[in-house]
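Below, each chain spelled out in residue letters.
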Amino acid sequence: MTGAALSAILGHWRRHPFQLATLVLGLALATALWSGVQAINAEARASYDAASAAVGGTRPVLVDPAGDIDQATYVALRRAGWQVSPILEGWVRTPRGRVRLVGIDPLTAPPEIAAAGTVLAGDLTGFLGQPGMLIAGEATAARLESADLPPVTVAEGIAPSLAFADIGVAQRLLGLEGRITRLILREDQPLTRPPLAEIAPGLEERASGGQADLARLTDSFHLNLTAFGLLSFAVGLFIVNGAIGLAFEQRRPTFRTLRALGLPARRLTLLLVAELAAFALISGALGIALGYAIAAALLPDVAATLRGLYGAPVEGGLTIRPAWWAAGMAIALAGTAAASAGALWKLARLPVLAPARPRAWARASQATLGPQLAASAALALLSLAAGTLGAGLLAGFVMLGALLLSAALALPALLSALLALAARLAAGPRAEWFWADTRQQLPGLSLALMALLLALAANIGVGTMVSSFRLTFTGWLDQRLASEIYVTAEDAAQAEAMVAFLAPRTNAILPIWSVEREVAGAPAEIFGVADHATYRDHWPLLTALPEVWDLLARGEGALINEQLARREGLAPGDRLDLPGGALIVAGSYSDYGNPSAQVLISVSTLTARFPEVERLQFGLRVPPGQTEAVMAALTGEFGLDPGRMMDQQAIKAFSLQVFERTFTVTGALNVMTLAVAGFAILTSLLTLAAMRLPQLAPVWALGLTRAQLARLELLRALGLAAVTMVLAIPVGLVLAWVLLAVINVEAFGWRLPMHVFPADWLWLGALALLAAGLAALWPALRLARMAPADLVRVFSNER
Amino acid sequence: MSGRALLSSCFLAVVLIAFAALPGPSHAQGFAGLGTDAEGFAIPEPGRGFTFPEDHGAHPDYRIEWWYVTATLTGEDGRAYGVQWTLFRSALAPERREGWDDPQIWFGHAGLTTPDRHFVGERFARGGVGQAGVQAEPFAAWIDEWRMEGPSLSEVTLTAQGPDFAYDLELVTGMPFVPQGQNGYSVKSASGQASYYYSQPFYEVTGTLALPDGPVRVSGNAWLDREWSSQPLAETQTGWDWFSLVFETGERLMGFRLRDTAGPDFTAATWITAEGTPTPYPNGAFRAEPLTITPVAGRDVPTRWQVSLPERDLDVTVEALNPNSWMETAFPYWEGPVSFTGTHRGRGYLEMTGYE
């Protein structure tokens, strides 16, 4: 009996291969988008972990809040029994980008630093002393091939954009002889050791090395991606829900016959559960493969974004992780369960000889509008509460999620009210029938329309954010990059010669010198700026005291970036503690694309407080039209390699390129979400088309032609999509506002002005209509070409 | 104590694989007469003798060197204890340089043995930055907070600690330093490799051990070995068994056996009178045969021995105080206190390597 029942149930799919394809494809798409995003996130996180582990991982460290540590302090600690290992960190410039150089002492490094083990098992003699050796991963090693650097050895498992050297070699390469960035506290401390304050009073113990910051910084980025993946998955589930609903509806007679023949309801349900589980596993596997493809296609951009925006060490390669497979399968199963729960529940309660009431359930669900509206109101309140009472990124996302869900849940009620209004205004029986029929179909379509609303709102919201950001960012770049040429000398002597050489050829030579120090308990860059019109005229200030640049020039004031101002709640006039003494906050400026705090002081204050500052970088103000000539002269005189000299246009182009790459992923996910929503409409309409024949047949019998009916069907789909699009605009704008004013501030520390782009909406609206039209076209065509006999049969058939 | 040379060679093999291209023994031998080996390290030659206190300090021209102290102690609680303190110097190149560029590398081993526990500590350090080193006068040898320090090498404080133990001992003697082998030129294989080697086997010790159960006051004897060389041993020499025995009558005996897969074992010994006069014995005079094998750290290690030197009418059974005196260091080996009975009685130290 079970075998026969199974064969009867599965027979349905042989007769409806397209339906099977819809189900499998829908589930596969949902799984693919979700697991693709997960794969990207997992890859990026694995890279951070590798980088973090490479420099001591989770071991606590000793740091000097005022700067780096004297080597003598290290020796004093060791000789007092403290088992610490020195780390020196810095950047080496190469013509192909910066590489983070980590100096280690392989003999005292804790086992967490895998590179030390590599050295001990390899060529220790070559690693120590002169010229020493760099150890890096393959991609990074290629960037480090240079005459000025020690030979590079390629090793497996070293994080991207990272190179190891002996601490002595690193000190020499970075020009930091006798200095140490931090000391890793080993696990195996001896029985007794004097307190830290006795040996090195300036040092403090910290929970872990610098890489935790990276994870925190990039968290928001990954949360963004995850939110997108989840949205796509939810939208994909609408398709699955539609397909399963259709399959169950069409198999009702089969189920009834099977039940009548004696198959217990329980066993029938179990059979269907097994069937769905099998589909879920097949689709899940397909989806994971597809997700892998999506991730592989998008990862290079994501990696470039993370490197560009945060300096996070991620390369473009993707590794398959077992956990990722398991998670993908689980999410496919869970998604199927969620999408089929309703249908299964109805089936289990199906009376043995249920009367044929194919549309009864749809009419009954009219009653669910009330609870839906209540839920929508509750979610709107939750969103409001999260927005006003909550703090942090999570609250921002709760606010977003609740807002979107609330809008989606309110959609059927709104549409229903609109349709009721239209019905009352309708003139003539055909119009009246059209409105009434549309309203009756609403429950069957509402899930698909909700999906469309979500996709459209997300598109509008994210699109508005990206466009606002782009507009602000380009304007800001123009202000900020006022110098025509930016050069970096190779050493102090060359810098001096360069200044002498350039003085008669330029209008101004502006030092761009900085040190990295701790400000307000977190790492920050402190820049020195010259007192020059370039800054007075161009620097993008957000807030300022009246004589801001004079305060700076007199060494009394400091400018801080928006990130620091927001984080510490600093306003102009406040005091800011800096190494070497407090200064007045003279103002704040926007600083997009920079994850960390930044302070601007006058260049004389900088050199007075930090005499060791590297004086290699300059911005050059050049008379109009002379840029090329000055750059050529620099190349001719000093043989500067191209990596050390960039003109304004090149930097702008590069920055904008980084910016565009940042949002490539967002754009791709946007398009996919919209495609999935269109697909959801298609499956819903197909479901309805099969069920609606008994309703259409009488209308046809009353004289409307099949072509007229089909046109009405198409019109209805377009109309519903258009209304949904109009409703999506306010939702999308609120979404954009939340993204710009809440999420960005929490995630990046800067707030962006919002700009509105109505032209984009028209474009998006056209896309939505196209998607809905395409989705409705096929069922409409089928109706137009349906054999009259099929319509006549409705009257003889029990259905 | 040529065993120590092997030990250090093995450390070199583990810690400094850079020496993959080491000259083989015959090669090294071929260069011995020239005074340096292929990589420029000095080679020991007979008839050099010692100059103190200079020779208590480091000899950076040589590849390997150590300051090796073992002590047999008795606590106020009446229990027997053993302590080991070792500072190794291992050079990547025969020179000294400033700061991190210094090719001199140091490592320290500390052991503390009770009848039922064995504690181990290990340290690594770079020369040149001050984390480890040795100065001849006033004498100081250190790595991290471990110290052997005093006005002179005849009167030193010896300290070391690990995560779960520590010791702080005073070592004093009025006796002269004792050259091993031919006036300090100690041959360590049939193919002629050698080291410079002298000992101070007469220290009287007092001090404190810090143990998990609390501090213990102890006293007893300590034995210092100083050795430096540049030559590794033959590939067929798989390990060694080295004994330092202190008789109740005041004499001392150093003897070792180098196990060779290609031929007979190589042995050597030095008999030291209670006044400090040494008599070296050539290959074959000293004999050591295992009596009891104990499974230790997954290996079969002999922990009871029959040791004899017929020319001195010595025939004793040597037994480990704690058979599990396993040094779980980067290069693991067995080192611990022993006692012996037979024609003579007394206590001493045993070191064994190469038991797989």
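As the structure is a computational prediction, the values presented were derived from the model and not from experiment.

Details of the overall build of chain A
Piece 1. What chain A contains, in helices and strands, is 26 helices and 21 strands.
Piece 2. Counting across all 799 residues of chain A, residues that qualify as buried make up 53%.
Piece 3. Put simply, of all contacts in chain A between residues at least 6 apart along the chain, 80% involve residues at least 24 apart.

Concerning the side chain of Glu484(A)
Residue and element names in this part refer to chain A.
Piece 1. Its place among the elements puts Glu 484 in the loop between α16 (429–480) and β11 (485–488).
Piece 2. The exposure class of Glu 484 is buried, given its relative accessible area of 17%.
Piece 3. Reaching out from Glu 484, the side chain makes a polar contact with the side chain of Arg 621 at a distance of 3.0 Å.
Piece 4. Here Glu 484 is in contact with Leu 620, Arg 621, Val 622, Thr 627, Met 646, Asp 647 and Gln 648, once residues within four sequence places are set aside.

Comments concerning the confidence of the model for chain B
Residue and element names in this part refer to chain B.
Piece 1. A residue-level look at chain B finds 88% of positions with pLDDT of 70 or above and a mean pLDDT of 86.
Piece 2. Within chain B, strand β9 (residues 166–172) carries the highest mean pLDDT (97), whereas helix α2 (residues 25–32) carries the lowest (30).
Piece 3. Below a pLDDT of 50 lies the segment residues 1–35, which in the model reaches 99 contacts outside its immediate sequence neighbourhood of four places, other chains included.
Piece 4. For this predicted complex, the interface confidence reaches an ipTM of 0.90, while the overall pTM sits at 0.59.

Observations regarding the interface of chain A and chain B
Piece 1. Listed as interface residues are 31 residues of chain A and, on the opposing side, 27 residues of chain B.
Piece 2. Summing both partners gives a buried area of about 2300 Å² for chain A against chain B, and 55% of it is carried by carbon and sulfur.
Piece 3. Three residues stand out in chain A for area buried against chain B, namely Arg79(A), Leu107(A) and Leu191(A), and they jointly supply 29% of the buried area on that side.
Piece 4. The tally of links from chain A across to chain B stands at four salt bridges.
Piece 5. Residue Arg126(B) is joined to Asp166(A) by a salt bridge in which the shortest nitrogen-to-oxygen separation is 2.6 Å.
Piece 6. Between chain A and chain B we count 15 residue pairs in polar contact (both at pLDDT 80 or more) in total.
Piece 7. When contributions to the side of chain A that touches chain B are tallied by element, the ones reaching two or more residues are α3 (71–79), α5 (124–127) and α7 (167–174) of chain A.
Piece 8. When residues of the side of chain A that touches chain B are assigned to their parent elements, the largest contribution, five residues, is made by α3(A).

Thoughts on a nonpolar patch on the surface
Residue and element names in this part refer to chain A.
Piece 1. Residues Phe 18, Trp 763, Leu 767, Leu 770, Leu 774, Leu 777, Trp 778 and Leu 781 make up a contiguous nonpolar surface patch of about 790 Å² in total accessible area.
Piece 2. No other element matches the seven residues that helix α25 (residues 758–784) contributes to the nonpolar patch.
Piece 3. Position of Leu 767 among the secondary structure elements: in helix α25.
Piece 4. With a relative accessible area of 35%, Leu 767 lands in the partly exposed category.

Re the packing of helix α17 (residues 492–502) of chain A against helix α22 (residues 627–638) of chain A
Residues and elements named next belong to chain A.
Piece 1. At a minimum axis distance of 11 Å, the contact between α17 and α22 shows a crossing angle of 135°. With respect to α22, the element α17 is oriented oblique. Crossing geometry of α17 relative to α22 is assigned as right-handed. On the side of α17, the interface is formed by Gln 494, Ala 497, Met 498, Phe 501 and Leu 502, while α22 contributes Val 630, Ala 633, Leu 634, Glu 637 and Phe 638.

Focus: the sheet that holds strand β20 (residues 617–621) of chain A
Residues and elements named next belong to chain A.
Piece 1. Here four strands make up an open sheet; going across it, the order is β12-β20-β11-β21 and the pairing antiparallel. The sheet terminates laterally at β12 (508–511) and β21 (645–647), the two strands that pair on one side only. Averaged over all pairs of adjacent strands, the angle between their axes in this sheet comes to 20°, without regard to strand direction.
Piece 2. Where β11 and β21 come together, three bridges link them in antiparallel fashion. Its bridge partner lying in β21, Val 487 is registered against Met 645.
Piece 3. Contacting β11, β20 and β21, α22 runs over the sheet at an angle of about 175° to β21.

Digging into α25(A)
Along an α-helix, residues three or four apart share an orientation, since each turn contains 3.6 residues.
Residues and elements named next belong to chain A.
Piece 1. Between its terminal C-alpha atoms α25 stretches 37 Å, which fits the 39 Å expected from 27 residues at 1.5 Å a residue.
Piece 2. Bending of α25 peaks at approximately 30° at the position of Leu 777, with proline Pro 779 no more than four residues after it.
Piece 3. By the burial criterion, the buried members of α25 are Trp 761, Leu 764, Gly 765, Ala 768, Ala 771, Ala 772, Gly 773, Ala 775, Ala 776, Pro 779, Ala 780 and Leu 783.

Overview of the environment of Thr506(A)
All names here are of chain A.
Piece 1. For Thr 506, the position within the fold is in the loop between α17 and β12.
Piece 2. By relative accessible area, which is 10% here, Thr 506 ends up buried.
Piece 3. C-alpha of Thr 506 to C-alpha of Thr 627: the two residues are 121 residues apart in sequence and 9.4 Å apart in space.
Piece 4. Excluding anything up to four places from it in sequence, Thr 506 contacts Leu 620, Arg 621, Val 622 and Pro 623.
Piece 5. For Thr 506, the side chain forms a polar contact with the main-chain oxygen of Leu 502, separated by 3.0 Å.

Examining the pattern of salt bridges
Piece 1. Counted by the stated rule, this structure contains 28 salt bridges over all chains.
Piece 2. The partner of Arg89(B) in a salt bridge is Glu65(B), and the shortest N-O contact between them spans 3.0 Å. Residue Arg89(B) is found in strand β2 (residues 80–91), and its partner Glu65(B) is found in strand β1 (residues 64–75); the two are separated by 24 residues along the sequence.
Piece 3. On the basis of relative accessible area, Glu65(B) is assigned to the buried category, the value being 0%.
Piece 4. Within this structure, Arg78(A), Arg123(B), Asp144(B) and Glu145(B) form a network of salt bridges that share partners.

Looking at unusual backbone geometry
Piece 1. Of note, the amide linkage connecting Gln130(A) to Pro131(A) takes the cis form, showing an omega dihedral of 0°.
Piece 2. Here Pro131(A) is to be found in the loop between α5 and β5 (134–136).
Piece 3. Looking along the chain, the bond that leaves Glu137(B) and enters Pro138(B) is cis, with omega of -10°.
Piece 4. Mapping Pro138(B) onto the fold places it in the loop between β5 (132–135) and β6 (140–143).
Piece 5. At Asn183(B), a position not held by glycine, the phi torsion is positive, near 50°.
Piece 6. Here Asn183(B) lies in the loop between β10 (178–179) and β11 (185–187).
Piece 7. Phi at Ala297(B) is positive, roughly 50°, even though this residue is not glycine.
Piece 8. Take Ala297(B): its relative accessible area is 46%, and that puts it in the partly exposed class.

Structural notes on the side chain of Ser186(B)
Residue and element names in this part refer to chain B.
Piece 1. Position of Ser 186 among the secondary structure elements: in strand β11.
Piece 2. Take Ser 186: its relative accessible area is 5%, and that puts it in the buried class.
Piece 3. Ignoring any residue separated from it by four or fewer positions in sequence, one finds Ser 186 in contact with Gly 181, Gln 193, Ala 194, Ser 195 and Tyr 197.

Details of the packing of aromatic side chains
Piece 1. Under the criterion given, the structure shown has 29 aromatic pairs over all chains.
Piece 2. On the numbers, 5.9 Å between centres and 15° between planes, the contact of Phe50(B) with Phe52(B) is stacked.
Piece 3. With relative accessibility at 34%, the residue Phe52(B) sits in the partly exposed group.
Piece 4. Among the aromatic residues, those joined into a ring-pair cluster are Phe50(B), Phe52(B), Tyr62(B), Phe177(B), Tyr196(B), Tyr198(B) and Trp228(B).
Piece 5. Note that Arg505(A) overlies the ring of Phe501(A), its terminal NZ or CZ placed 3.8 Å from the centroid.
Piece 6. Over the aromatic face of Trp778(A) sits the side chain of Arg782(A), whose NZ or CZ is 5.5 Å from the ring centroid.

Section: the nonpolar core
Piece 1. Counting residues in each nonpolar core, the largest one holds 81 residues, and the members touching the most others are Leu456(A), Trp549(A) and Leu559(A).
Piece 2. Sorting elements by how many residues they give to this core places α16(A) first, with 20 residues.
Piece 3. Not counting residues up to four positions away in its chain, the partners in contact with Leu559(A) are Trp539(A), Leu541(A), Val548(A), Trp549(A), Leu552(A), Ala586(A), Gly587(A), Ser588(A), Tyr589(A), Gln598(A), Val599(A) and Leu600(A).
Piece 4. By size, the runner-up hydrophobic cluster in this structure holds 45 residues, among which are Phe139(B), Tyr167(B), Tyr203(B) and Val205(B).

Considerations on the pairing of strand β12 (residues 194–211) of chain B
Residues and elements named next belong to chain B.
Piece 1. Of all 18 residues making up β12, 14 are buried, and the element is well covered by its neighbours.
Piece 2. Where β10 and β12 come together, two bridges link them in antiparallel fashion. Looking across to β12, one finds that Val 178 is bridged to Ser 199.
Piece 3. With three bridges joining them, β11 and β12 adopt antiparallel strand pairing.

Here is what the cut-offs are and how they apply
Residues numbered from 1 in each chain as written. Chains lettered and ligands numbered in written order. Predicted model: local features only at pLDDT ≥ 70, side-chain atom pairs only at ≥ 80, totals over all residues. Heavy atoms only, no water. Helix = DSSP H or I, 4+ residues; strand = E, 2+ residues; numbered from the N terminus. Buried < 20%, exposed > 50% of the residue type's maximum accessible area, 1.4 Å probe, protein only. Contact = heavy atoms within 4.5 Å. Polar contact = N/O pair within 3.5 Å; in protein donor to acceptor, adjacent residues only side chain to side chain. pLDDT = per-residue confidence, 0-100. Buried area = accessible area lost by both parts, 1.4 Å probe. Salt bridge = Lys/Arg side-chain N within 4 Å of Asp/Glu carboxyl O. Patch = residues over 30% accessible without salt bridge, like charges linked within 9 Å, V, L, I, M, F, W, Y side chains within 5 Å. Areas by Shrake-Rupley, 256 points an atom, 1.4 Å probe, with all protein chains shown as cover. Axes fitted to C-alpha atoms, helices over the stretch in contact; angles between N-to-C directions. Parallel < 35°, antiparallel > 145°, perpendicular 65-115°, else oblique. Left-handed = near helix turned anticlockwise from the far one by under 90°. Pairing = 2+ DSSP bridges. Expected span 1.5 Å × (residues − 1). Bend = angle between axes of the 7 residues up to and from the residue. Phe/Tyr/Trp six-rings, centres within 6.5 Å; stacked < 30°, edge-to-face > 60°. Lys NZ or Arg CZ within 6 Å of the ring centre and 35° of its normal. Core = buried A, V, L, I, M, F, W, Y, C linked by side-chain atoms within 4.5 Å.

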